[in-house]
Amino acid sequence: MGVFQLGNGRWRGVLTYKDEFGVSQHKQFSGKTAAIVKRRMKTFREREEAGQVPDNMTVDRLCEIAIERCEEKGLESKTLTGYKDYRRLHINPTIGAVKIQELKPVHVERMMKLMLKGQTWVSRQEKNKTVYQQPCEIGTALLCRNFLRMALNRVGIKEGLIEKNAAALADLPEKITRRTFGKLSQSDVEKIIDLEPRQELKALWITLATLGHRPDEGIHLAWPYFYEQEDGWWVKLPKSKSEEGKMPVPVPAKLMEVLQTLPRRSVSFVFTTEKGTPFSYRNISRAWLGALDRAQVPRTRLYELRHYCGAMRSRTVKDDVLRRLMRHTDVRTTKQYYVYAFAEDMRRAVEE
């Protein structure tokens, strides 16, 4: 076992061990410092002595371990369900049987291309047969690749089983580009709200555009989440994607006046049907498309109201305040994805 420094400044270690057949094997480890390399070699040696050297670990098994660790950390059930679907529907039928040491970027690239075409490789149960499915959206292929990249980092690289992350090195297919959704202007949102005939939906659009809640959070908003203090009303969500998302945010007085005029058909939910049950996401999505058509605004996703809220707030508040209002852990996420320039602001900048 030796550790040495390479010409590029990185460190490498070579470990010799015997596999289950008594044959000597050599495994290399690399890292930014000698301490990192030694730690990875020590972890591998301990697993080897315990008879747990995972040289035959497949991509499917790696994803299973990654999901188990995410469950231990307490990730939201909705996120875990998505991870399990990526593994079951897309990763396992295509590259699940590939050993992680043999996984290459080309494997991940081909998996994403087949996801977009709606077909998979050779099925384990039905060899030499192409299985056709419903073509995936571009966003689904990206999320599946991101999950695989996370699994390779948290299990493969962290434990010294592999040196490079094939998912991170994989090129995106030409068809996969960052989706550009229609940005909402202030006049667009005002028209959508003014032309909405249903009181509950009008209040929902106002809430999403004012508080910046995610659509699912806004649809299932409940009265117990609101509480009043000396400076006014606040809202605190019990569940969110992160701990920062559970932090309370202030509610404007005008918005509370709108919400308090809604009929109380439920003791819990703010927005309900006539029967007092919460709206389903599918019905709200359809209602949103109808609202866009009614206002003659190009169709875009309901999530854009959250982006609109961030862009509006960025006009007047500091970065850290904006991050808290949007309930983000890192302000870079807020500035990169939730802030955009309005046409009137750009015109005013060049005219002044």
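Further up the page is the structure itself.
Everything numeric here is computed off the predicted structure, so don't read it as measured data.

**Student:** Explain the overall build of the protein chain residue by residue, including any values.
**Tutor:** Within the protein chain, the secondary structure is distributed over 15 helices and 8 strands. Across the 352 residues of the protein chain, 41% fall into the buried class. Considering only contacts in the protein chain between residues 6 or more positions apart, those separated by 24 or more positions represent 59%. About 20400 Å² of surface is accessible on the protein chain, with carbon and sulfur atoms providing 49% of the total.

**Student:** Break down the nonpolar core for me, citing the residues and quoting the values.
**Tutor:** With 43 residues, the main nonpolar core has Val59, Tyr83, Ile91, Ile95, Met111, Phe147 and Leu148 as its most contacted residues. When residues of this core are traced back to their parent elements, those giving at least two are β2 (11-18), α1 (34-49), α2 (59-72), α3 (77-95), α4 (105-117), α5 (138-157) and α6 (166-169). Sorting elements by how many residues they give to this core places α5 first, with 10 residues. Ignoring any residue separated from it by four or fewer positions in sequence, one finds Val59 in contact with Ile91, Ile95, Gly96, Val98, Ile100, Leu103 and Leu148. Counting 40 residues, the second largest nonpolar core, distinct from the first, contains Leu184, Ile219, Leu292 and Tyr340.

**Student:** Describe α5, with residues and values.
**Tutor:** In this model α5 runs 27 Å from its N-terminal to its C-terminal C-alpha over 20 residues, within 8% of the 28 Å that 1.5 Å per residue would give. On its buried side, α5 packs onto α1, α2, α3, α4 and α6.

**Student:** Talk me through the environment of Asp345; I want residue IDs and the actual numbers.
**Tutor:** The topology assignment puts Asp345 in helix α15 (residues 343-351). With a relative accessible area of 23%, Asp345 lands in the partly exposed category. In the structure, Asp345 is positioned 30 residues away from Arg315 in sequence and 9.4 Å away in space, judged by C-alpha atoms.

**Student:** Explain the state of the cysteines residue by residue, including any values.
**Tutor:** Under the criterion given, the structure shown has 0 disulfides. As a non-bridged cysteine, Cys63 has Cys144 as the owner of its nearest cysteine sulfur, 8.0 Å distant.

Rules used in this analysis
- Residues numbered from 1 in each chain as written.
- Predicted model: local features only at pLDDT ≥ 70, side-chain atom pairs only at ≥ 80, totals over all residues.
- Heavy atoms only, no water.
- Helix = DSSP H or I, 4+ residues; strand = E, 2+ residues; numbered from the N terminus.
- Buried < 20%, exposed > 50% of the residue type's maximum accessible area, 1.4 Å probe, protein only.
- Contact = heavy atoms within 4.5 Å.
- Areas by Shrake-Rupley, 256 points an atom, 1.4 Å probe, with all protein chains shown as cover.
- Core = buried A, V, L, I, M, F, W, Y, C linked by side-chain atoms within 4.5 Å.
- Expected span 1.5 Å × (residues − 1).
- Disulfide = S-S within 2.5 Å.

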